[in-house]
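# Descriptive analysis of the structure
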Amino acid sequence: QVQLVESGGGFVQAGGSLRLSCVVSRMIFSVSTMGWYRQAPGKQREMVSSINAGNGNTHYIDPVKGRFTIARDNAESTVFLQMTSLKPEGTGVYYCKTLPPVVDYWGQGTQVTVSS
């Protein structure tokens, strides 16, 4: 069974940092472009960052550029999201997900709460 398991969420004050981790089944990780998504209360889920499997190219949505860093460790089948200078609008459930051309697999999410 393919599994994605997120961890590292929690409570943090605005301006603080958190590092999220997502451990992915080894059978698919090395060939999977990975994305981090978040869903804020009352809002649709959105992708915030991705990292390519082959060349390591990264993508960030404008609101998190310069503050979030995505990375991957193929040996450990883990993708990370280092979040710094967190803002209250960053509150939400964060999910990792495989991206095309790999079949979509979602983690169960980890809660991030940023207080003012």
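This write-up is about the structure you can find in this document. (Residues numbered from 1 in each chain as written. Predicted model: local features only at pLDDT ≥ 70, side-chain atom pairs only at ≥ 80, totals over all residues. Heavy atoms only, no water.)

## Observations concerning the nonpolar core
Where a protein is soluble and globular, its nonpolar side chains tend to be buried together. Counting 26 residues, the largest nonpolar core has Met34, Trp36, Phe68, Val79, Leu81, Met83 and Tyr94 as the members making the most contacts within it. Of all the secondary-structure elements, those providing two or more residues to this core are strand E3 (18-24), helix H1 (26-29), strand E4 (33-39), strand E5 (46-51), strand E7 (68-73), strand E8 (78-83), strand E9 (92-99) and strand E10 (110-115). Of the residues forming this core, the biggest block, four residues, is contributed by E3. Residues in contact with Tyr94, not counting those within four places in the same chain, are Glu6, Leu20, Trp36, Tyr37, Arg38, Phe68, Leu81, Met83, Gly109, Thr110 and Val112. (Core = buried A, V, L, I, M, F, W, Y, C linked by side-chain atoms within 4.5 Å. Buried < 20%, exposed > 50% of the residue type's maximum accessible area, 1.4 Å probe, protein only. Helix = DSSP H or I, 4+ residues; strand = E, 2+ residues; numbered from the N terminus. Contact = heavy atoms within 4.5 Å.)

## Re the packing of aromatic side chains
One pass over the structure, following the stated rule, counts two aromatic pairs. Geometrically, the ring pair formed by Tyr95 and Trp106 is edge-to-face, given 6.1 Å between the ring centres and 90° between the ring planes. Here Trp106 lies in the loop between E9 and E10 and Tyr95 lies in strand E9, a separation of eleven residues in the sequence. Overall, the relative accessible area of 37% leaves Trp106 in the partly exposed class. The residue whose ring lies beneath Arg19 is Phe80, and the NZ or CZ to ring-centre distance is 3.9 Å. Positioned over the ring face of Tyr95 is Arg45, at 3.6 Å from the centre of the ring. (Phe/Tyr/Trp six-rings, centres within 6.5 Å; stacked < 30°, edge-to-face > 60°. Lys NZ or Arg CZ within 6 Å of the ring centre and 35° of its normal.)

Structural measurements only, silent on function.
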